Amino acid sequence: MEGNAAGQAAKRALDIVAAAAGLVVAAPVIGAVAVAMAFKDPGPLFYGHVRVGRDGRPFRCLKLRSMVVDGDAVLANHLAAHPAAAAEWAETQKLRDDPRVTPLGRLLRKTSLDELPQLLNVLRGEMSLVGPRPVTEKELARYGHQARAYLSVRPGVTGPWQISGRSTVGFQRRIALDTHYVKTWTFARDVRIILLTVPAVLASRGSY
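Residues numbered from 1 in each chain as written. Predicted model: local features only at pLDDT ≥ 70, side-chain atom pairs only at ≥ 80, totals over all residues. Heavy atoms only, no water.

### Some details on the overall build of the chain
Part 1 of the reasoning: Of regular secondary structure, the chain possesses 9 helices and 4 strands.
Part 2 of the reasoning: Element order for the chain, N to C, with α for helix and β for strand: α-β-β-α-α-α-α-β-α-α-β-α-α.
Part 3 of the reasoning: Over its C-alpha trace the chain gives a radius of gyration of 17 Å, about what one expects of a compact globule, namely 17 Å for 208 residues.
Part 4 of the reasoning: Overall size of the chain, expressed as C-alpha extent along the three principal axes, is 50 × 40 × 30 Å.
Part 5 of the reasoning: When each of the 208 residues of the chain is scored for burial, the buried share is 47%.
Part 6 of the reasoning: The averaged location of the 17 negative side-chain charges in the chain is 4 Å from the averaged location of its 28 positive side-chain charges. (Helix = DSSP H or I, 4+ residues; strand = E, 2+ residues; numbered from the N terminus. Rg over C-alpha atoms; globule rule 2.2 N^0.38 Å. Buried < 20%, exposed > 50% of the residue type's maximum accessible area, 1.4 Å probe, protein only. Lys, Arg positive; Asp, Glu negative; His and termini not counted. Charge placed at Lys NZ, Arg CZ, Asp CG, Glu CD.)

So, in structure tokens, the structure goes:
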């Protein structure tokens, strides 16, 4: 992927143009969510979780807040009290029935609207429209020797995991998908993933 300079320039150009246009279109949606949140779940509109970016640089991956404000404490207590949930979290780093997620947050997640602010991450150069799913340092430690592939690119707003089942994809399978994406990257494949993301999101496949 690193050797294709022209392809990488085209990829970055697509990122900038599409992210800028997307933010213009998304602005009314984000405004509506802000109003709904003010009435239903007062607190910060955005949430930034630290993820590992290209070359190991940390960045705050932005989302519309879909969880309660004290989510970390709620998760820790839930995992301690429910072994099955702890096992699910250990395998996928997700919970199908996550006690932290608010009613509004469930709608945002199901429709992927919570990820709209990541277009700002794309404009900043911290993310790309398409790439590996952004991970935490703890998650990256599970990549083993395949971490090199992840660190060589910008993580993506969408990617192979998004069109392959999202939350239903096990962690090791997700690593394999991301590694294969990096090693076989083409600009045409990025375009294909973007096009396939639209029906995947509309159908809410694998989202929770």
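Read on, since the account is not over.
### Here we look at unusual backbone geometry
In most cases, non-glycine residues show a negative phi, while peptide bonds are predominantly trans.
Part 1 of the reasoning: Unusually for a residue other than glycine, aspartate 55 sits at a positive phi of about 60°.
Part 2 of the reasoning: The topology assignment puts aspartate 55 in the loop between strand S1 (46–52) and strand S2 (58–64).
Part 3 of the reasoning: Positive phi, close to 65°, is recorded for serine 112, a residue that is not glycine.
Part 4 of the reasoning: Examined against the element boundaries, serine 112 turns out to sit in the loop between helix H4 (103–111) and helix H5 (118–124).
Part 5 of the reasoning: Overall, the relative accessible area of 10% leaves serine 112 in the buried class.

### Some remarks on the pairing of S2
Part 1 of the reasoning: In terms of burial, S2 is a largely internal element, 5 of the 7 residues being buried.
Part 2 of the reasoning: Sheet topology note: the S1/S2 ladder contains 7 bridges and is antiparallel. Residue histidine 49 lies in a different strand from S2, and its bridge partner there is cysteine 61.
Part 3 of the reasoning: Hairpin remark: S1 followed by S2, antiparallel, with 5 residues in the connecting loop; positive phi at aspartate 55, about 60°. (Pairing = 2+ DSSP bridges.)

### Let's talk about the pattern of salt bridges
Part 1 of the reasoning: This model, assessed by the stated rule, comprises 7 salt bridges.
Part 2 of the reasoning: For the salt bridge of aspartate 190 with lysine 11, the shortest nitrogen-to-oxygen distance reads 2.5 Å. Taken as a pair, aspartate 190 in helix H9 (residues 187–202) and lysine 11 in helix H1 (residues 5–40) lie far apart in primary sequence, 179 residues in all.
Part 3 of the reasoning: The partner of arginine 100 in a salt bridge is aspartate 98, with the nearest N and O atoms 2.7 Å apart. (Salt bridge = Lys/Arg side-chain N within 4 Å of Asp/Glu carboxyl O.)

### Digging into a nonpolar patch on the surface
Part 1 of the reasoning: On the surface, a nonpolar cluster with roughly 210 Å² of combined accessible area is contributed by Ile16, Leu120 and Leu123.
Part 2 of the reasoning: In this structure, leucine 123 sits in helix H5. (Patch = residues over 30% accessible without salt bridge, like charges linked within 9 Å, V, L, I, M, F, W, Y side chains within 5 Å. Areas by Shrake-Rupley, 256 points an atom, 1.4 Å probe, with all protein chains shown as cover.)

### Thoughts on the packing of aromatic side chains
To describe a pair of aromatic rings, one takes the distance between the centres and the angle between the planes.
Part 1 of the reasoning: One pass over the structure, following the stated rule, counts 2 aromatic pairs.
Part 2 of the reasoning: Pairing tyrosine 143 with phenylalanine 171 gives two aromatic rings, centres 6.1 Å apart and planes at 85°, and the pair type is edge-to-face. Of this pair, tyrosine 143 sits in the loop between helix H6 (137–140) and helix H7 (147–151) while phenylalanine 171 sits in helix H8 (residues 171–183), and the two are 28 residues apart along the sequence. For the residue pair tyrosine 143 and phenylalanine 171, the accessibility class agrees, reading buried in each case.
Part 3 of the reasoning: Among the aromatic side chains, those forming a connected cluster through ring pairs are Tyr143, Tyr150 and Phe171.
Part 4 of the reasoning: A cation over an aromatic ring shows up here: arginine 142 above the ring of phenylalanine 171, its NZ or CZ 4.2 Å from the ring centre. (Phe/Tyr/Trp six-rings, centres within 6.5 Å; stacked < 30°, edge-to-face > 60°. Lys NZ or Arg CZ within 6 Å of the ring centre and 35° of its normal.)

### So, helix H3 (residues 83–92)
Structurally, the α-helix is built with 3.6 residues per turn, so residues lying three or four positions apart point the same way.
Part 1 of the reasoning: Of all the positions in H3, only Ala85, Trp89 and Thr92 are classed as buried. Seen from one end, H3 has its buried residues packed into an arc of 90°, which puts them on one side. Within H3, the exposed residues directed more than 90 degrees away from the buried face are Pro83 and Ala84.
Part 2 of the reasoning: Looking at the buried residues of H3, the elements they touch are helix H2 (71–81) and H8.
Part 3 of the reasoning: Once H3 ends, the next one or two residues include glutamine 93, with phi positive near 60°. (Arc of directions from axis to C-beta. Contact = heavy atoms within 4.5 Å.)

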